[in-house]
Amino acid sequence: MKKKQSFLYYLNPKNVSAAIEKYGYTYRIRNTVLVYVLVLACSWAGGFVFRLSLPYICVIAVCGMAMMPKVVINSYKNMYEQKRFSDVNIYIEQVLYSFKKMPKIITALQDTQKIVPKDSPMRQVLREAVQYILYDYSEENSLEEGLKRIEEKYQCQRIKDVHALMLKTEKIGGDYESSVKILLSSRAVWETETCKFQKECKNRQRMVNIALLLVSSVCLFTPVIITKYAPMVDIMSSRVYKFGTVCLILASMRTYLKADGMASVNWLRNESALSQEEQIELYRKVKNYDFSKEKKKSLAYGCVGFSIGLGFFFFNWKYLAAAAMAVGIFLFNQHSLGYRLAKNRCVEEITKAFPQWLMEISLLLQVSENVNAAIAKSLEDAPAILSDSLKVIQEEIMEQPESNEPYMNFMKEFGILEIQSAMGMLYSISTGRGGDAELQIDEILTKNTALLGQSERAANENRLAALYWQFLFPSIIGGGKLLVDMTLVTIAFMTSNFV
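The following paragraphs examine the structure supplied in this document. (Residues numbered from 1 in each chain as written. Predicted model: local features only at pLDDT ≥ 70, side-chain atom pairs only at ≥ 80, totals over all residues. Heavy atoms only, no water.)

This part covers the overall build of the protein. Looking only at helices and strands, the protein features 18 helices and zero strands. The burial tally for the protein puts 43% of its 499 residues in the buried class. For the protein, long-range pairs separated by at least 24 residues make up 72% of all intrachain contacts whose partners lie at least 6 apart in sequence. Counting only carbon and sulfur atoms, one obtains 59% of the accessible surface of the protein, whose full area is about 27,200 Å². (Helix = DSSP H or I, 4+ residues; strand = E, 2+ residues; numbered from the N terminus. Buried < 20%, exposed > 50% of the residue type's maximum accessible area, 1.4 Å probe, protein only. Contact = heavy atoms within 4.5 Å. Areas by Shrake-Rupley, 256 points an atom, 1.4 Å probe, with all protein chains shown as cover.)

On to the environment of Val484. When you line up the elements, Val484 lands in helix α18 (residues 437-498). Separated by 244 residues in the primary sequence, Val484 and Val240 have C-alpha atoms spaced 8.0 Å apart.

Together, Phe314, Phe315, Trp317 and Leu320 line one region of the surface with nonpolar side chains, adding up to about 510 Å² of accessible area. For Phe315, the location among the structural elements is in the loop between α11 (291-314) and α12 (318-332). (Patch = residues over 30% accessible without salt bridge, like charges linked within 9 Å, V, L, I, M, F, W, Y side chains within 5 Å. Salt bridge = Lys/Arg side-chain N within 4 Å of Asp/Glu carboxyl O.)

Put simply, helix α3 (residues 54-101) and helix α6 (residues 142-154) touch, their axes get as near as 12 Å, and they point 150° apart. Here α3 is positioned roughly antiparallel relative to α6, judged by the angle of their axes. Crossing of α3 over α6 shows left-handed handedness. Contacts between α3 and α6 pair Arg84, Asp87, Val88 and Tyr91 from the former with Ile150, Lys153 and Tyr154 from the latter. The class makeup of the residues in the contact of α3 with α6 is four nonpolar, no polar and three charged. (Axes fitted to C-alpha atoms, helices over the stretch in contact; angles between N-to-C directions. Parallel < 35°, antiparallel > 145°, perpendicular 65-115°, else oblique. Left-handed = near helix turned anticlockwise from the far one by under 90°. Nonpolar A, V, L, I, M, F, W, Y, C, P; charged D, E, K, R; others polar.)

On to empty space enclosed by the protein, then. Summed over the entire model, instances satisfying the criterion amount to three cavities of 30 Å³ or more. The calculated volume of the largest cavity comes to roughly 70 Å³. Of all the secondary-structure elements, those providing two or more residues to the lining of the largest cavity are α7 (157-172), α8 (176-229) and α13 (334-367). A class-by-class count of the residues in the lining of the largest cavity yields five nonpolar, two polar and three charged. (1 Å grid on protein atoms, 1.4 Å probe; cavity = no way out; pocket = protein on both sides within 12 Å on 5 of 7 lines; lining within 4 Å. Points joined across faces, edges and corners; volume = space filled by probe spheres on them.)

Next up on the list: unusual backbone geometry. The backbone of Arg51 sits at a positive phi, close to 60°, despite the residue not being glycine. Structurally, Arg51 is set in the loop between α2 (29-49) and α3. Since its relative accessible area comes to 45%, Arg51 is described here as partly exposed. Look at Gln155: it is not a glycine, yet its phi comes out positive at around 45°. Note on placement: Gln155 falls in the loop between α6 and α7.

Okay, the side chain of His163 next. Following the sequence through the fold, His163 ends up in helix α7. Exposure remark for His163: the relative accessible area of 0% places this residue in the buried category.

Across all of its chains, the model carries nine aromatic pairs by this definition. Judged by centre distance (6.0 Å) and plane angle (35°), the rings of Tyr283 and Phe414 are tilted. Taken together, the positions of Tyr283 in helix α10 (residues 276-287) and Phe414 in the loop between α16 (405-408) and α17 (417-431) put the pair 131 residues apart, joining distant regions of the chain. The class of Phe414 is buried, set by a relative accessible area of 6%. Of the aromatic side chains, those joined through ring pairs into one cluster are Tyr25, Tyr27 and Tyr76. Taking the ring centre of Phe48 as reference, the NZ or CZ of Arg51 above it sits at 5.8 Å. (Phe/Tyr/Trp six-rings, centres within 6.5 Å; stacked < 30°, edge-to-face > 60°. Lys NZ or Arg CZ within 6 Å of the ring centre and 35° of its normal.)

To continue, consider the environment of Trp190. Take Trp190: it is sitting in helix α8. By relative accessible area, Trp190 is classed as buried at 2%.

Moving on to helix α14 (residues 371-378). Among the residues of α14, those classed as buried are Val371, Asn372, Ala374, Ile375 and Ser378. For α14, the buried positions fall inside an angular range of 160° around the axis, keeping them on one side. (Arc of directions from axis to C-beta.)

Take the packing of α3 against helix α9 (residues 239-262) next. Two elements in contact, α3 and α9, have axes whose closest approach is 10 Å; the angle formed by their N-to-C orientations is 5°. One element, α3, and the other, α9, form an angle in the roughly parallel class. Between α3, through Tyr56, Val59, Ile60, Cys63, Gly64, Met67, Lys70, Val71 and Asn74, and α9, the contact on the second element is made entirely by Arg239, Lys242, Phe243, Val246, Ile249, Leu250, Met253, Arg254, Tyr256, Leu257, Asp260 and Gly261. Its residues assigned to classes, the contact of α3 with α9 shows 13 nonpolar, three polar and five charged.

The complete set of buried residues in helix α1 (residues 13-21) reads Pro13, Asn15, Val16, Ser17, Ala19 and Ile20. Turning to α1, the residues buried within the fold contact α2 and α3. With a side-chain oxygen positioned 3.0 Å from the backbone nitrogen of Lys14, the residue opening α1 is Asn12. (Polar contact = N/O pair within 3.5 Å; in protein donor to acceptor, adjacent residues only side chain to side chain.)

Looking at the element boundaries, Gly244 is found in helix α9. With 233 residues separating them along the chain, Gly244 and Ile477 place their C-alpha atoms 9.8 Å apart.

This part is about the pattern of salt bridges. Throughout the structure, instances matching the rule amount to nine salt bridges. Put simply, Arg187 and Glu93 hold a salt bridge, and the shortest N to O gap is 3.7 Å. A residue pair is termed long-range when its members are at least 10 positions apart, and Arg187 in helix α8 and Glu93 in helix α3 qualify at 94 residues. Note on Glu93: relative accessible area 26%, which makes it partly exposed.

Moving on to the nonpolar core. Of all hydrophobic cores here, the largest spans 47 residues; its most connected members are Val88, Tyr91, Leu96, Leu109 and Ile150. Those elements that provide at least two residues to this core are α3, α4 (105-115), α5 (121-136), α6, α7, α8, α13 and α18. With ten residues, α8 is the largest single contributor of residues to this core. Residues within four places of Ile150 in sequence aside, it is in contact with Tyr91, Leu109, Val125, Leu126, Ala129, Ile159 and His163. (Core = buried A, V, L, I, M, F, W, Y, C linked by side-chain atoms within 4.5 Å.)

Inspection of the secondary structure puts Thr112 in helix α4. Classification of Thr112 as buried rests on a relative accessible area of 0%. A distance of 3.4 Å separates a polar atom in the side chain of Thr112 from the backbone nitrogen of Val95.

Keep in mind these numbers describe shape, not what the thing actually does.
Structure (C-alpha coordinates):
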(Lines give C-alpha, C1' and ligand atoms only; values in the text may rest on other atoms or scores of the structure.)
Protein backbone atom coordinates (compact mmCIF):
# COMPACT_ATOMS: atom_id res chain seq x y z
CA MET A 1 0.00 0.00 0.00
CA LYS A 2 1.34 3.40 -0.94
CA LYS A 3 2.44 5.46 2.04
CA LYS A 4 0.72 8.81 2.37
CA GLN A 5 3.18 11.64 2.82
CA SER A 6 2.76 14.29 5.51
CA PHE A 7 1.44 17.75 4.76
CA LEU A 8 4.89 19.38 4.90
CA TYR A 9 6.78 16.59 3.12
CA TYR A 10 7.06 18.43 -0.19
CA LEU A 11 8.52 21.57 1.37
CA ASN A 12 11.83 19.84 0.67
CA PRO A 13 12.58 20.41 -3.07
CA LYS A 14 14.50 17.12 -3.23
CA ASN A 15 11.31 15.20 -2.36
CA VAL A 16 9.48 16.92 -5.22
CA SER A 17 12.17 15.97 -7.74
CA ALA A 18 12.25 12.39 -6.41
CA ALA A 19 8.46 12.05 -6.74
CA ILE A 20 8.54 13.25 -10.37
CA GLU A 21 11.47 10.97 -11.27
CA LYS A 22 9.24 7.97 -10.41
CA TYR A 23 7.16 8.89 -13.46
CA GLY A 24 10.20 8.89 -15.74
CA TYR A 25 10.78 12.66 -15.92
CA THR A 26 13.60 14.90 -14.73
CA TYR A 27 12.68 17.89 -12.61
CA ARG A 28 15.38 20.18 -11.28
CA ILE A 29 15.42 21.38 -7.71
CA ARG A 30 15.79 24.92 -9.10
CA ASN A 31 12.34 24.65 -10.66
CA THR A 32 10.80 23.75 -7.30
CA VAL A 33 12.48 26.76 -5.72
CA LEU A 34 11.01 28.98 -8.45
CA VAL A 35 7.57 27.52 -7.68
CA TYR A 36 8.05 28.39 -4.02
CA VAL A 37 9.03 31.96 -4.95
CA LEU A 38 5.91 32.23 -7.11
CA VAL A 39 3.75 30.98 -4.22
CA LEU A 40 5.31 33.57 -1.90
CA ALA A 41 4.59 36.33 -4.43
CA CYS A 42 0.99 35.19 -4.89
CA SER A 43 0.53 34.94 -1.11
CA TRP A 44 1.78 38.48 -0.64
CA ALA A 45 -0.46 39.74 -3.47
CA GLY A 46 -3.48 37.93 -1.99
CA GLY A 47 -2.70 39.32 1.44
CA PHE A 48 -2.46 42.83 0.01
CA VAL A 49 -5.78 42.54 -1.84
CA PHE A 50 -7.63 41.11 1.15
CA ARG A 51 -5.84 43.45 3.60
CA LEU A 52 -4.26 40.68 5.65
CA SER A 53 -1.43 41.17 8.12
CA LEU A 54 1.93 39.38 7.96
CA PRO A 55 1.11 36.38 10.23
CA TYR A 56 -1.91 35.47 8.11
CA ILE A 57 0.11 35.84 4.91
CA CYS A 58 2.75 33.50 6.33
CA VAL A 59 0.12 30.85 7.06
CA ILE A 60 -1.16 31.07 3.48
CA ALA A 61 2.38 30.97 2.09
CA VAL A 62 3.41 27.88 4.07
CA CYS A 63 0.24 26.00 3.11
CA GLY A 64 0.61 27.08 -0.51
CA MET A 65 4.23 25.92 -0.61
CA ALA A 66 3.14 22.54 0.79
CA MET A 67 0.26 22.14 -1.70
CA MET A 68 1.66 23.60 -4.92
CA PRO A 69 4.35 20.93 -5.48
CA LYS A 70 1.57 18.31 -5.50
CA VAL A 71 -0.04 20.18 -8.40
CA VAL A 72 3.27 20.04 -10.28
CA ILE A 73 3.64 16.34 -9.47
CA ASN A 74 0.05 15.68 -10.63
CA SER A 75 0.81 17.33 -13.97
CA TYR A 76 3.66 14.88 -14.57
CA LYS A 77 1.58 12.00 -13.23
CA ASN A 78 -1.16 12.90 -15.69
CA MET A 79 1.30 12.84 -18.62
CA TYR A 80 2.64 9.52 -17.36
CA GLU A 81 -0.82 7.95 -17.12
CA GLN A 82 -1.84 9.31 -20.51
CA LYS A 83 1.26 7.77 -22.04
CA ARG A 84 0.60 4.42 -20.39
CA PHE A 85 -2.98 4.42 -21.65
CA SER A 86 -1.77 5.18 -25.18
CA ASP A 87 0.91 2.46 -25.00
CA VAL A 88 -1.50 -0.20 -23.79
CA ASN A 89 -4.10 0.80 -26.35
CA ILE A 90 -1.58 0.47 -29.18
CA TYR A 91 -0.20 -2.77 -27.78
CA ILE A 92 -3.58 -4.52 -27.46
CA GLU A 93 -4.68 -3.49 -30.93
CA GLN A 94 -1.45 -4.37 -32.72
CA VAL A 95 -0.73 -7.64 -30.91
CA LEU A 96 -4.26 -8.89 -31.62
CA TYR A 97 -4.10 -8.00 -35.31
CA SER A 98 -0.70 -9.65 -35.60
CA PHE A 99 -1.86 -12.74 -33.72
CA LYS A 100 -4.92 -12.96 -35.98
CA LYS A 101 -2.63 -13.22 -39.03
CA MET A 102 -0.20 -15.65 -37.43
CA PRO A 103 -1.29 -17.36 -34.16
CA LYS A 104 2.18 -17.38 -32.63
CA ILE A 105 2.89 -15.35 -29.49
CA ILE A 106 6.54 -14.62 -30.20
CA THR A 107 5.71 -13.44 -33.72
CA ALA A 108 2.94 -11.18 -32.46
CA LEU A 109 5.25 -9.64 -29.85
CA GLN A 110 8.03 -9.05 -32.36
CA ASP A 111 5.65 -7.45 -34.87
CA THR A 112 4.18 -5.20 -32.19
CA GLN A 113 7.62 -4.21 -30.95
CA LYS A 114 8.42 -2.80 -34.39
CA ILE A 115 5.25 -0.67 -34.44
CA VAL A 116 5.44 0.76 -30.91
CA PRO A 117 7.21 4.18 -30.87
CA LYS A 118 10.91 4.03 -30.06
CA ASP A 119 10.64 6.42 -27.12
CA SER A 120 7.84 4.39 -25.53
CA PRO A 121 8.57 2.40 -22.33
CA MET A 122 6.35 -0.30 -23.83
CA ARG A 123 8.99 -0.97 -26.52
CA GLN A 124 11.60 -1.71 -23.87
CA VAL A 125 9.19 -4.00 -21.99
CA LEU A 126 8.42 -5.89 -25.21
CA ARG A 127 12.12 -6.22 -25.97
CA GLU A 128 12.72 -7.74 -22.53
CA ALA A 129 9.76 -10.13 -22.92
CA VAL A 130 10.94 -11.30 -26.35
CA GLN A 131 14.52 -11.67 -25.11
CA TYR A 132 13.33 -13.73 -22.15
CA ILE A 133 11.15 -16.05 -24.27
CA LEU A 134 13.84 -16.64 -26.92
CA TYR A 135 17.06 -16.78 -24.93
CA ASP A 136 16.96 -16.19 -21.19
CA TYR A 137 14.28 -18.52 -19.90
CA SER A 138 14.96 -21.53 -17.69
CA GLU A 139 11.40 -22.60 -16.87
CA GLU A 140 9.14 -24.79 -18.97
CA ASN A 141 6.43 -22.11 -19.15
CA SER A 142 8.58 -19.55 -20.92
CA LEU A 143 5.65 -17.94 -22.76
CA GLU A 144 3.67 -17.37 -19.56
CA GLU A 145 6.67 -15.93 -17.75
CA GLY A 146 7.56 -13.66 -20.65
CA LEU A 147 4.01 -12.30 -20.91
CA LYS A 148 3.87 -11.81 -17.13
CA ARG A 149 6.67 -9.27 -17.47
CA ILE A 150 4.33 -7.11 -19.54
CA GLU A 151 1.39 -7.69 -17.19
CA GLU A 152 3.40 -6.77 -14.09
CA LYS A 153 4.59 -3.55 -15.71
CA TYR A 154 1.15 -2.27 -16.70
CA GLN A 155 -1.31 -4.01 -14.34
CA CYS A 156 -4.19 -3.91 -16.82
CA GLN A 157 -6.92 -6.56 -16.91
CA ARG A 158 -7.34 -6.18 -20.67
CA ILE A 159 -3.71 -7.15 -21.27
CA LYS A 160 -4.25 -10.25 -19.13
CA ASP A 161 -7.32 -11.17 -21.20
CA VAL A 162 -5.35 -10.85 -24.43
CA HIS A 163 -2.49 -12.96 -23.07
CA ALA A 164 -4.91 -15.61 -21.79
CA LEU A 165 -6.43 -15.92 -25.27
CA MET A 166 -3.07 -16.18 -26.99
CA LEU A 167 -1.81 -18.81 -24.54
CA LYS A 168 -4.97 -20.92 -24.88
CA THR A 169 -4.86 -20.70 -28.66
CA GLU A 170 -1.19 -21.66 -28.96
CA LYS A 171 -1.61 -24.58 -26.56
CA ILE A 172 -5.11 -25.86 -27.37
CA GLY A 173 -6.11 -24.27 -30.67
CA GLY A 174 -9.75 -23.46 -31.44
CA ASP A 175 -11.59 -20.70 -33.26
CA TYR A 176 -9.37 -17.87 -32.08
CA GLU A 177 -10.56 -15.36 -34.72
CA SER A 178 -13.93 -14.89 -33.03
CA SER A 179 -12.16 -14.43 -29.69
CA VAL A 180 -9.88 -11.81 -31.23
CA LYS A 181 -12.97 -10.04 -32.49
CA ILE A 182 -14.34 -9.96 -28.91
CA LEU A 183 -11.20 -8.39 -27.51
CA LEU A 184 -10.88 -5.87 -30.32
CA SER A 185 -14.48 -4.77 -29.73
CA SER A 186 -13.78 -4.48 -26.02
CA ARG A 187 -10.68 -2.38 -26.71
CA ALA A 188 -12.61 -0.05 -29.00
CA VAL A 189 -15.31 0.49 -26.33
CA TRP A 190 -12.68 1.08 -23.68
CA GLU A 191 -10.80 3.61 -25.81
CA THR A 192 -13.96 5.52 -26.74
CA GLU A 193 -15.36 5.71 -23.21
CA THR A 194 -12.00 6.53 -21.62
CA CYS A 195 -11.35 9.38 -24.07
CA LYS A 196 -14.81 10.78 -23.35
CA PHE A 197 -14.11 10.49 -19.64
CA GLN A 198 -10.76 12.25 -19.94
CA LYS A 199 -12.38 15.12 -21.81
CA GLU A 200 -15.18 15.39 -19.27
CA CYS A 201 -12.65 15.37 -16.41
CA LYS A 202 -10.89 18.36 -17.94
CA ASN A 203 -14.21 20.18 -18.36
CA ARG A 204 -15.21 19.50 -14.75
CA GLN A 205 -11.82 20.60 -13.50
CA ARG A 206 -12.14 23.80 -15.52
CA MET A 207 -15.56 24.41 -13.97
CA VAL A 208 -14.09 23.98 -10.49
CA ASN A 209 -11.36 26.52 -11.23
CA ILE A 210 -13.88 29.04 -12.60
CA ALA A 211 -16.07 28.54 -9.53
CA LEU A 212 -13.10 29.20 -7.24
CA LEU A 213 -12.23 32.42 -9.08
CA LEU A 214 -15.84 33.62 -8.95
CA VAL A 215 -16.18 32.87 -5.25
CA SER A 216 -12.93 34.68 -4.45
CA SER A 217 -14.05 37.69 -6.54
CA VAL A 218 -17.45 37.84 -4.88
CA CYS A 219 -15.94 37.59 -1.39
CA LEU A 220 -13.54 40.42 -2.27
CA PHE A 221 -16.37 42.53 -3.68
CA THR A 222 -18.11 43.12 -0.33
CA PRO A 223 -15.20 44.66 1.66
CA VAL A 224 -14.04 46.70 -1.36
CA ILE A 225 -17.49 48.24 -1.86
CA ILE A 226 -17.89 48.88 1.86
CA THR A 227 -14.49 50.56 2.02
CA LYS A 228 -15.31 52.78 -0.96
CA TYR A 229 -18.87 53.86 -0.10
CA ALA A 230 -18.85 53.52 3.68
CA PRO A 231 -15.29 54.27 4.83
CA MET A 232 -16.44 54.64 8.43
CA VAL A 233 -17.25 50.90 8.46
CA ASP A 234 -14.00 48.96 8.78
CA ILE A 235 -14.39 45.18 8.82
CA MET A 236 -11.00 44.38 7.31
CA SER A 237 -9.23 45.08 10.60
CA SER A 238 -11.40 42.52 12.37
CA ARG A 239 -9.72 39.27 13.38
CA VAL A 240 -12.90 37.43 12.45
CA TYR A 241 -12.68 38.82 8.89
CA LYS A 242 -9.01 37.92 8.60
CA PHE A 243 -9.50 34.43 9.99
CA GLY A 244 -12.48 33.84 7.68
CA THR A 245 -10.50 35.08 4.68
CA VAL A 246 -7.58 32.77 5.44
CA CYS A 247 -10.00 29.84 5.80
CA LEU A 248 -11.57 30.75 2.43
CA ILE A 249 -8.19 30.87 0.69
CA LEU A 250 -6.96 27.61 2.24
CA ALA A 251 -10.24 25.83 1.47
CA SER A 252 -10.05 27.08 -2.13
CA MET A 253 -6.48 25.83 -2.44
CA ARG A 254 -7.49 22.45 -0.99
CA THR A 255 -10.43 22.19 -3.40
CA TYR A 256 -8.22 22.99 -6.37
CA LEU A 257 -5.69 20.35 -5.27
CA LYS A 258 -8.41 17.76 -4.71
CA ALA A 259 -9.99 18.36 -8.13
CA ASP A 260 -6.56 18.27 -9.77
CA GLY A 261 -5.81 14.93 -8.11
CA MET A 262 -9.15 13.46 -9.19
CA ALA A 263 -8.44 14.40 -12.80
CA SER A 264 -5.04 12.65 -12.69
CA VAL A 265 -5.96 8.98 -12.38
CA ASN A 266 -4.76 5.60 -13.57
CA TRP A 267 -6.71 5.11 -16.81
CA LEU A 268 -5.73 1.44 -17.03
CA ARG A 269 -7.65 0.29 -14.00
CA ASN A 270 -11.40 -0.05 -13.77
CA GLU A 271 -11.60 -2.22 -10.70
CA SER A 272 -14.05 -2.13 -7.85
CA ALA A 273 -13.24 0.11 -4.91
CA LEU A 274 -14.20 -2.87 -2.72
CA SER A 275 -11.85 -5.71 -1.91
CA GLN A 276 -12.86 -9.27 -2.77
CA GLU A 277 -13.87 -9.91 0.83
CA GLU A 278 -15.97 -6.74 0.90
CA GLN A 279 -17.69 -7.70 -2.36
CA ILE A 280 -18.62 -11.13 -1.02
CA GLU A 281 -19.80 -9.62 2.26
CA LEU A 282 -21.94 -7.06 0.41
CA TYR A 283 -23.52 -9.71 -1.81
CA ARG A 284 -24.31 -12.01 1.10
CA LYS A 285 -25.75 -9.14 3.12
CA VAL A 286 -28.25 -8.38 0.35
CA LYS A 287 -28.89 -12.03 -0.52
CA ASN A 288 -29.49 -13.12 3.07
CA TYR A 289 -30.99 -9.92 4.46
CA ASP A 290 -33.20 -10.74 7.47
CA PHE A 291 -35.98 -8.18 7.31
CA SER A 292 -37.69 -9.48 10.45
CA LYS A 293 -34.54 -9.20 12.57
CA GLU A 294 -33.57 -5.81 11.17
CA LYS A 295 -37.11 -4.49 11.61
CA LYS A 296 -36.98 -5.35 15.32
CA LYS A 297 -33.72 -3.39 15.59
CA SER A 298 -35.31 -0.44 13.81
CA LEU A 299 -38.27 -0.54 16.20
CA ALA A 300 -35.95 -0.53 19.22
CA TYR A 301 -33.81 2.33 17.85
CA GLY A 302 -36.90 4.33 16.89
CA CYS A 303 -38.43 3.96 20.35
CA VAL A 304 -35.23 5.29 21.90
CA GLY A 305 -35.37 8.32 19.60
CA PHE A 306 -39.03 9.00 20.43
CA SER A 307 -38.37 8.55 24.15
CA ILE A 308 -35.61 11.16 24.03
CA GLY A 309 -37.94 13.44 22.08
CA LEU A 310 -40.68 13.09 24.71
CA GLY A 311 -38.13 13.90 27.40
CA PHE A 312 -37.14 17.09 25.59
CA PHE A 313 -40.82 17.97 25.11
CA PHE A 314 -41.44 17.46 28.84
CA PHE A 315 -38.78 20.10 29.60
CA ASN A 316 -40.35 22.37 26.94
CA TRP A 317 -37.32 22.08 24.64
CA LYS A 318 -39.47 22.08 21.53
CA TYR A 319 -36.76 22.33 18.88
CA LEU A 320 -34.70 19.53 20.39
CA ALA A 321 -37.87 17.45 20.77
CA ALA A 322 -38.74 17.95 17.09
CA ALA A 323 -35.20 16.99 16.05
CA ALA A 324 -35.26 13.85 18.23
CA MET A 325 -38.67 12.86 16.81
CA ALA A 326 -37.33 13.27 13.27
CA VAL A 327 -34.35 11.05 14.12
CA GLY A 328 -36.77 8.53 15.63
CA ILE A 329 -38.79 8.39 12.39
CA PHE A 330 -35.60 7.81 10.44
CA LEU A 331 -34.55 5.02 12.80
CA PHE A 332 -37.92 3.31 12.42
CA ASN A 333 -37.14 2.92 8.72
CA GLN A 334 -33.38 2.35 8.88
CA HIS A 335 -33.73 -1.35 7.96
CA SER A 336 -35.46 -0.49 4.67
CA LEU A 337 -33.06 2.32 3.88
CA GLY A 338 -30.03 0.19 4.74
CA TYR A 339 -31.22 -2.64 2.50
CA ARG A 340 -31.95 -0.26 -0.37
CA LEU A 341 -28.51 1.33 -0.17
CA ALA A 342 -26.77 -2.06 0.04
CA LYS A 343 -28.78 -3.44 -2.88
CA ASN A 344 -28.07 -0.39 -5.05
CA ARG A 345 -24.35 -0.71 -4.34
CA CYS A 346 -24.50 -4.44 -5.05
CA VAL A 347 -26.27 -3.85 -8.38
CA GLU A 348 -23.61 -1.29 -9.27
CA GLU A 349 -20.81 -3.79 -8.56
CA ILE A 350 -22.58 -6.59 -10.43
CA THR A 351 -23.17 -4.35 -13.44
CA LYS A 352 -19.43 -3.65 -13.62
CA ALA A 353 -18.36 -7.27 -13.06
CA PHE A 354 -20.83 -9.19 -15.23
CA PRO A 355 -19.57 -8.00 -18.67
CA GLN A 356 -16.04 -9.06 -17.74
CA TRP A 357 -17.27 -12.52 -16.71
CA LEU A 358 -19.42 -12.81 -19.84
CA MET A 359 -16.38 -12.07 -21.98
CA GLU A 360 -14.47 -14.87 -20.21
CA ILE A 361 -17.38 -17.26 -20.87
CA SER A 362 -17.42 -16.23 -24.53
CA LEU A 363 -13.71 -16.97 -24.83
CA LEU A 364 -14.11 -20.35 -23.14
CA LEU A 365 -16.99 -21.25 -25.46
CA GLN A 366 -14.66 -20.78 -28.41
CA VAL A 367 -12.78 -23.84 -27.16
CA SER A 368 -15.77 -25.84 -25.91
CA GLU A 369 -19.52 -25.45 -26.44
CA ASN A 370 -20.21 -27.04 -23.03
CA VAL A 371 -21.68 -24.12 -21.10
CA ASN A 372 -21.52 -25.81 -17.70
CA ALA A 373 -17.83 -26.63 -18.20
CA ALA A 374 -17.19 -23.02 -19.22
CA ILE A 375 -18.97 -21.74 -16.10
CA ALA A 376 -16.96 -24.11 -13.89
CA LYS A 377 -13.71 -22.98 -15.55
CA SER A 378 -14.64 -19.30 -15.17
CA LEU A 379 -14.92 -19.68 -11.39
CA GLU A 380 -11.12 -19.57 -11.11
CA ASP A 381 -10.90 -15.89 -12.10
CA ALA A 382 -14.51 -14.76 -11.66
CA PRO A 383 -15.19 -11.42 -9.91
CA ALA A 384 -15.83 -11.96 -6.20
CA ILE A 385 -19.29 -10.34 -6.37
CA LEU A 386 -20.41 -13.12 -8.76
CA SER A 387 -18.67 -16.12 -7.17
CA ASP A 388 -21.50 -17.28 -4.86
CA SER A 389 -24.13 -17.12 -7.61
CA LEU A 390 -21.85 -18.92 -10.07
CA LYS A 391 -21.35 -21.78 -7.63
CA VAL A 392 -25.11 -22.04 -7.17
CA ILE A 393 -25.87 -22.07 -10.90
CA GLN A 394 -23.18 -24.68 -11.49
CA GLU A 395 -24.74 -27.00 -8.88
CA GLU A 396 -28.25 -26.41 -10.21
CA ILE A 397 -27.19 -27.19 -13.79
CA MET A 398 -25.67 -30.45 -12.59
CA GLU A 399 -28.98 -31.33 -10.92
CA GLN A 400 -31.22 -30.08 -13.76
CA PRO A 401 -29.11 -30.15 -16.96
CA GLU A 402 -32.12 -29.72 -19.28
CA SER A 403 -33.96 -27.05 -17.28
CA ASN A 404 -33.78 -23.32 -17.94
CA GLU A 405 -34.49 -22.46 -14.28
CA PRO A 406 -30.83 -22.33 -13.19
CA TYR A 407 -30.13 -19.77 -15.91
CA MET A 408 -33.28 -17.73 -15.35
CA ASN A 409 -32.77 -17.69 -11.56
CA PHE A 410 -29.21 -16.39 -11.85
CA MET A 411 -29.23 -13.14 -9.84
CA LYS A 412 -32.93 -12.78 -10.56
CA GLU A 413 -33.50 -10.93 -7.28
CA PHE A 414 -31.49 -7.94 -8.56
CA GLY A 415 -33.73 -7.42 -11.58
CA ILE A 416 -30.97 -6.67 -14.09
CA LEU A 417 -32.58 -7.32 -17.47
CA GLU A 418 -29.30 -7.54 -19.37
CA ILE A 419 -28.17 -10.44 -17.18
CA GLN A 420 -31.42 -12.32 -17.70
CA SER A 421 -31.15 -11.87 -21.47
CA ALA A 422 -27.52 -13.06 -21.59
CA MET A 423 -28.27 -16.09 -19.42
CA GLY A 424 -31.15 -16.99 -21.73
CA MET A 425 -28.72 -17.06 -24.65
CA LEU A 426 -26.32 -19.28 -22.69
CA TYR A 427 -29.18 -21.69 -22.02
CA SER A 428 -29.98 -21.84 -25.74
CA ILE A 429 -26.33 -22.69 -26.48
CA SER A 430 -26.26 -25.34 -23.76
CA THR A 431 -29.28 -27.14 -25.25
CA GLY A 432 -28.30 -26.61 -28.89
CA ARG A 433 -31.54 -24.75 -29.56
CA GLY A 434 -32.17 -21.48 -31.28
CA GLY A 435 -29.87 -21.95 -34.28
CA ASP A 436 -26.16 -22.12 -34.92
CA ALA A 437 -24.12 -21.94 -31.70
CA GLU A 438 -21.49 -19.76 -33.39
CA LEU A 439 -24.13 -17.19 -34.34
CA GLN A 440 -25.50 -17.26 -30.79
CA ILE A 441 -22.04 -16.66 -29.40
CA ASP A 442 -21.66 -13.72 -31.77
CA GLU A 443 -24.96 -12.38 -30.47
CA ILE A 444 -23.70 -12.70 -26.90
CA LEU A 445 -20.55 -10.83 -27.90
CA THR A 446 -22.60 -8.03 -29.44
CA LYS A 447 -24.62 -7.73 -26.26
CA ASN A 448 -21.49 -7.90 -24.17
CA THR A 449 -19.96 -4.99 -26.09
CA ALA A 450 -22.98 -2.90 -25.14
CA LEU A 451 -22.69 -4.05 -21.51
CA LEU A 452 -19.01 -3.15 -21.47
CA GLY A 453 -19.88 0.35 -22.64
CA GLN A 454 -22.50 0.68 -19.91
CA SER A 455 -20.04 -0.59 -17.31
CA GLU A 456 -17.37 1.88 -18.41
CA ARG A 457 -19.85 4.76 -18.38
CA ALA A 458 -21.18 3.80 -14.94
CA ALA A 459 -17.69 3.68 -13.45
CA ASN A 460 -16.78 7.00 -15.06
CA GLU A 461 -19.98 8.68 -13.91
CA ASN A 462 -19.16 7.79 -10.31
CA ARG A 463 -15.79 9.48 -10.63
CA LEU A 464 -17.33 12.51 -12.32
CA ALA A 465 -19.87 12.78 -9.50
CA ALA A 466 -16.99 13.23 -7.06
CA LEU A 467 -15.61 16.01 -9.26
CA TYR A 468 -19.05 17.61 -9.35
CA TRP A 469 -19.06 17.83 -5.55
CA GLN A 470 -15.76 19.68 -5.76
CA PHE A 471 -17.55 22.11 -8.10
CA LEU A 472 -20.28 22.70 -5.49
CA PHE A 473 -17.90 23.07 -2.57
CA PRO A 474 -16.67 26.58 -3.53
CA SER A 475 -20.27 27.81 -3.34
CA ILE A 476 -20.54 26.45 0.20
CA ILE A 477 -17.33 28.03 1.46
CA GLY A 478 -18.07 31.26 -0.43
CA GLY A 479 -21.55 31.43 1.06
CA GLY A 480 -20.10 30.95 4.54
CA LYS A 481 -17.55 33.70 3.98
CA LEU A 482 -20.20 36.14 2.70
CA LEU A 483 -22.35 35.37 5.73
CA VAL A 484 -19.45 36.22 8.04
CA ASP A 485 -18.67 39.43 6.14
CA MET A 486 -22.28 40.61 6.10
CA THR A 487 -22.61 39.87 9.81
CA LEU A 488 -19.53 41.98 10.48
CA VAL A 489 -20.93 44.77 8.28
CA THR A 490 -24.24 44.72 10.15
CA ILE A 491 -22.53 44.83 13.55
CA ALA A 492 -20.27 47.68 12.37
CA PHE A 493 -23.25 49.75 11.16
CA MET A 494 -25.16 49.18 14.39
CA THR A 495 -22.11 50.08 16.47
CA SER A 496 -21.45 53.27 14.49
CA ASN A 497 -25.10 54.34 14.85
CA PHE A 498 -25.19 53.89 18.58
CA VAL A 499 -21.80 55.30 19.42
